[in-house]
Amino acid sequence: LYIHQLDNDTIHLFIHVDDGLLFSNSPSALAKFRLKLEDQFTVKYDENPVHFLGYGIKRNLVEGTIAIDQRAHLAVVLATVGLTDCTPTTTPLRPNTDLSPASDDEFALARSKPYRPILGALTWVTSGSRPDLTNTI
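Residues numbered from 1 in each chain as written. Predicted model: local features only at pLDDT ≥ 70, side-chain atom pairs only at ≥ 80, totals over all residues. Heavy atoms only, no water.

What follows covers the overall build of the chain. Helix and strand content of the chain: four helices and six strands. Listing every helix and strand of the chain by position from the N terminus yields β-β-β-α-β-β-β-α-α-α. The C-alpha radius of gyration computed for the chain amounts to 21 Å, which surpasses the reference 14 Å derived for 137 residues by more than 25%, pointing to a less compact arrangement than a globule. With the principal axes as the frame, the chain shows a C-alpha extent of 65 × 30 × 25 Å. Counting across all 137 residues of the chain, residues that qualify as buried make up 15%. Split by element, the accessible area of the chain, about 11,500 Å² in all, is 57% carbon and sulfur. A gap of 1 Å separates the mean positions of the 12 positive and 16 negative side-chain charges of the chain. (Helix = DSSP H or I, 4+ residues; strand = E, 2+ residues; numbered from the N terminus. Rg over C-alpha atoms; globule rule 2.2 N^0.38 Å. Buried < 20%, exposed > 50% of the residue type's maximum accessible area, 1.4 Å probe, protein only. Areas by Shrake-Rupley, 256 points an atom, 1.4 Å probe, with all protein chains shown as cover. Lys, Arg positive; Asp, Glu negative; His and termini not counted. Charge placed at Lys NZ, Arg CZ, Asp CG, Glu CD.)

Below, the structure written as structure tokens:
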């Protein structure tokens, strides 16, 4: 993240490999910076991006807010592991449930699931847009 501050104008340039986001509190400062950037680099520019690095971006111009989510990423993860028909729940297990060791069949079924990729994908989501899920994975 690069930040340029001049008087009351602030420009933020976030770069990850060959993708970037450019935003500012000043449209005129942003336009000038963009021209300088385009003089030095080949730039593909989107005035209102809706996706960036797996994140969905939603702008509310009336309220002046920006929200991010990772719904598209989660949909891909769920499709990859065959869980597109899953339903949300407030807790992963009912309170006071007695747990017992898995049977051989249950153990074999659990071993056949891509646990590590699922856990990695969910950990990515918790570090990005859903820190509230951290304790559930």
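Right, picking up where we left off after that structure.
Scanning the entire structure with this criterion turns up four salt bridges. Notably, a salt bridge pairs arginine 34 with glutamate 38, separated by 3.0 Å at the nearest N-O pair. Of this pair, arginine 34 and glutamate 38 are both found in helix H1 (residues 27-40), four residues apart, which corresponds to roughly one turn of the helix. Glutamate 38 sits in the partly exposed class, given a relative accessible area of 32%. Three or more residues are tied together by salt bridges with common partners; here these are Arg34, Glu38 and Glu47. (Salt bridge = Lys/Arg side-chain N within 4 Å of Asp/Glu carboxyl O.)

This part takes up the packing of aromatic side chains. The relation between two aromatic rings is expressed through the spacing of the ring centres and the mutual angle of the planes. In the structure shown here, the tally under the stated rule is two aromatic pairs. Centroid distance phenylalanine 14 to phenylalanine 52: 5.8 Å. Interplanar angle 75 degrees. Geometry classified as edge-to-face. Taken together, the residues phenylalanine 14 in strand E2 (residues 9-16) and phenylalanine 52 in strand E4 (residues 51-52) connect sequence positions 38 residues apart. Residue phenylalanine 14 is classed as partly exposed on the basis of its relative accessible area, which comes to 30%. The ring of tyrosine 45 carries arginine 34 above its face, with NZ or CZ at 3.5 Å from the centroid. (Phe/Tyr/Trp six-rings, centres within 6.5 Å; stacked < 30°, edge-to-face > 60°. Lys NZ or Arg CZ within 6 Å of the ring centre and 35° of its normal.)

These results come straight from atomic positions and should not be treated as a statement about function.
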